[in-house]
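A closer look at the structure
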Amino acid sequence: MKPTGPLATLFPGQFSPNFLQNRQNYYNNFGNPRTGNANIDTPLNRNKAYGFAGTLDVELGEINLKSITAYRKADSANTLDLDGTPAGAIAFNSAYLQDQFSQELQLSGAIGNLDWIVGAYYFREEGNERSDSFALYSVPALGGLNLAPSGRNLTDFVSKSTALFAQVNYDITDKLRATAGFRYTWDKRSAVGRGVNNIRGVPEPVFAGGRVIVIQPNTCRVGTTAGTTPPAACAFPQEASFSYPAWTFSLDYQANDDILLYARTGGASLSGGFNTRPTPVGAEAFSPEDVRDIEAGMKAEFLDNRLQTNLAVFHVWRNGAQNIVNGIVNGSITQFAQNSGNIRAYGLELETKARPWQGMELMASVSRLKASYQNGSFIDIGTNGLFDRSDEVVAQTPKWTFTAGATQEIETGIGKFVAHLDYAYISARNFGQETADLTNPALTAAQRTTRLADAAIANAFGTLPGYGIFNGRLTFEIEDPNIEIALWGRNIFGTRYAQNLFNSYNQLGFTATNAGEPGTYGMTATFRW
């Protein structure tokens with residue numbers, strides 16, 4: 001927490017060092033929202049989904065026809081007191097409804113050394129996202145008034161995508177094969193925002209601009225009808241279309257029976273779209289992200305297939321990178337996508353498997369990644385002009401990831417005993433950084449120093465340290481009757497780690513993390529018939 005931040009000032013005693021995370025209370029949450037809204041004050045975490053898929057293959061002489069059809073429906077909701085303290089900082093309830101349908105048709109065949117496939121793809125999804133939130137409510141320093149109105153983000157959306165594609169594989173020689181593919185996609189995005197302020201159902205007093213104003217229930221806050229109340233319509237429609245190509249080309253070379261060498265390159269785009277939650281002015285929509293990459297590697301088997309090794313090196317160009325931003329806009333907690341400059345990343349990946357003796361399998365993998373913004377490509381709008389954020393660390397790009405595992409199988413007279421142990425490590429990664437805005441020429445030297453120091457502290461708190469966890473499982477399997485008994489443990493040494501975080505150190509004055517799963521142990525018994 002920031003001792004001089006807004007929450008520490010506005011909620012003395014309720015937002016204090018007493019609630020900082022430490023070793024003793026690592027898995028505790030002191031949040032207790034009392035907004036008066038049952039949807040927010042009642043703990044909830046619900047996820048429901050179902051779907052259907054079908055594949056149809058038809059032989060038409062020398063040509064194969066394949067149809068792939070799929071449908072999925074999802075319904076999820078959750079509540080959260082984001083700051084995790086008794087203070088009325090931020091609490092919300094979010095709900096998501098979505099259903100999607102896709103249809104793909106493929107025609108494939110072979111002509112001599114040439115394998116080919118052509119096809120078409122259609123995708124449609126629709127749904128809505130609702131988020132009810134209370135931010136800076138019941139502020140003790142203001143005699144219990146609110147600093148921001150309660151609100152509801154509500155957006156209906158429809159997305160459609162169609163594509164045509166083709167790919168060929170050609171055996172140049174018995175050892176050398178070339179692959180080329182092309183796809184063209186047409187996307188259409190539409191969204192209608194219906195967000196409102198004051199979801200209490202009665203007039204809501206809010207302290208703003210040095211005075212108390214009263215917000216009427218369900219006051220529209222989007223589009224041209226912002227500020228109106230029912231029965232006036234509240235709608236902010238947006239619509240956009242995008243089209244872009246994707247392609248791939250590769251060469252595979254079978255050096256001998258045990259070694260395959262390959263090189264490939266490709267390009268694709270992530271579709272643009274609209275943000276369904278509040279954004280700063282000008283950030284309502286985001287453009288496509290264009291991705292290009294090259295990769296080369298080897299897949300090999302040694303020692304009579306007792307040792308397998310896969311090695312790859314790669315370089316990725318991301319132009320107009322789409323990054324997720326967490327923030328506060330007009331008193332509402334929000335998360336939105338924005339285009340954030342051009343990213344250059346490169347690295348290597350190594351995977352190995354070994355069977356040193358009967359029943360034993362060892363595996364290990366390691367990945368090294370280096371990512372950075374292209375100089376001068378990440379430009380933001382400051383108080384008095386533009387400033388460069390290209391020196392920031394790219395979000396969620398850990399330098400190292402590592403996994404290792406061992407499995408031993410032992411056959412006995414009555415069944416099979418299996419012992420497994422694995423370890424996974426990920427190095428430090430940040431969840432979004434800040435660059436101090438120094439564009440105001442009126443800033444004093446001391447103010448510039450303070451802004452730089454605040455940004456450095458926020459960036460440190462916005463970075464999760466690396467961690468590694470062990471998992472294990474002991475299993476005994478009997479064939480007749482088909483019974484399996486297992487003892488297992490996840491995070492068996494109880495490593496304390498965080499999975500993600502919300503960083504608002506320089507906005508509200510706090511950073512909150514979500515604790516990872518603690519040490520968990522159990523036993524399962526399975527009977528199959």
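Residues numbered from 1 in each chain as written. Predicted model: local features only at pLDDT ≥ 70, side-chain atom pairs only at ≥ 80, totals over all residues. Heavy atoms only, no water.

Attention now goes to a negative patch on the surface. Taken together, the side chains of Asp257, Asp258, Glu301 and Asp304 present a region of like negative charge at the surface. Within the element layout of this structure, aspartate 258 appears in the loop between strand 11 (236-256) and strand 12 (259-270). Here aspartate 258 falls in the partly exposed class, since its relative accessible area comes to 39%. (Patch = residues over 30% accessible without salt bridge, like charges linked within 9 Å, V, L, I, M, F, W, Y side chains within 5 Å. Areas by Shrake-Rupley, 256 points an atom, 1.4 Å probe, with all protein chains shown as cover. Salt bridge = Lys/Arg side-chain N within 4 Å of Asp/Glu carboxyl O. Lys, Arg positive; Asp, Glu negative; His and termini not counted. Charge placed at Lys NZ, Arg CZ, Asp CG, Glu CD. Helix = DSSP H or I, 4+ residues; strand = E, 2+ residues; numbered from the N terminus. Buried < 20%, exposed > 50% of the residue type's maximum accessible area, 1.4 Å probe, protein only.)

A few words now on the nonpolar core. Within the largest apolar cluster, 17 residues are counted, with the highest numbers of intra-cluster contacts made by Leu7, Phe11, Phe15, Ile90, Leu136, Leu508 and Phe510. Secondary structure elements with two or more residues in this core: helix 1 (6-10), strand 3 (90-111) and strand 30 (510-515). Counting residues per element, this core draws most heavily on helix 1, which supplies 3 residues. Setting aside residues up to four positions removed in sequence, phenylalanine 15 forms contacts with Met1, Leu7, Ala8, Asp83, Thr85, Ala87, Gly509 and Phe510. (Core = buried A, V, L, I, M, F, W, Y, C linked by side-chain atoms within 4.5 Å. Contact = heavy atoms within 4.5 Å.)

Here the second largest pocket is characterised by a volume of approximately 1400 Å³. Around the second largest pocket, the lining comprises 50 residues; the ones closest to its centre are Val325, Gln338, Asp380, Arg389 and Gln433. Looking at the lining of the second largest pocket, the elements that each hand over two or more residues are strand 14 (285-286), strand 17 (322-329), strand 18 (332-339), strand 21 (379-382), strand 22 (385-388), helix 3 (445-461) and strand 29 (498-504). Tallied by class, residues from the lining of the second largest pocket come to 25 nonpolar, 17 polar and 8 charged. (1 Å grid on protein atoms, 1.4 Å probe; cavity = no way out; pocket = protein on both sides within 12 Å on 5 of 7 lines; lining within 4 Å. Points joined across faces, edges and corners; volume = space filled by probe spheres on them. Nonpolar A, V, L, I, M, F, W, Y, C, P; charged D, E, K, R; others polar.)

Before going further, it helps to spend a moment on the state of the cysteines. Under the defined criterion, the tally for this structure stands at 1 disulfide. Between the sulfur atoms of cysteine 220 and its disulfide partner cysteine 234 the distance amounts to 2.2 Å. Note on the cysteine 220 and cysteine 234 pair: the S-S dihedral is about 75 degrees, so by sign convention the disulfide is right-handed. Remark: cysteine 234 occurs in the loop between strand 10 (219-220) and strand 11 and cysteine 220 occurs in strand 10; sequence separation between them is 14 residues. Accessibility assignment for this pair places cysteine 220 and cysteine 234 in one class, buried. (Disulfide = S-S within 2.5 Å.)

Let us look at the side chain of aspartate 132. Locating aspartate 132 in the fold gives a position in strand 4 (residues 114-135). A residue is classified by how much of its surface remains accessible, and aspartate 132, at 0% relative accessible area, is buried.

Here we take up the pairing of strand 3. Pairing of strand 2 (residues 63-81) with strand 3 involves 18 bridges; the strand directions are antiparallel. Of the residues in strand 3, the one forming a bridge with isoleucine 68 is glutamate 104. Looking at chain direction, strand 3 and strand 4 are connected through 22 bridges and run antiparallel. Bridge pairing in strand 4 places glutamine 100 opposite glutamate 125. Adjacent in sequence and paired antiparallel, strand 3 and strand 4 are bridged by 2 residues, among which glycine 112 carries a positive phi angle near 60 degrees. (Pairing = 2+ DSSP bridges.)

Here we come to the pattern of salt bridges. What the rule picks out here adds up to 18 salt bridges. Between glutamate 126 and arginine 124 there is a salt bridge whose closest N-O contact spans 3.1 Å. Residue arginine 200 is joined to glutamate 204 by a salt bridge in which the shortest nitrogen-to-oxygen separation is 2.5 Å. Several salt bridges converge on common partners, so that one network encompasses Arg130, Asp132 and Arg152.

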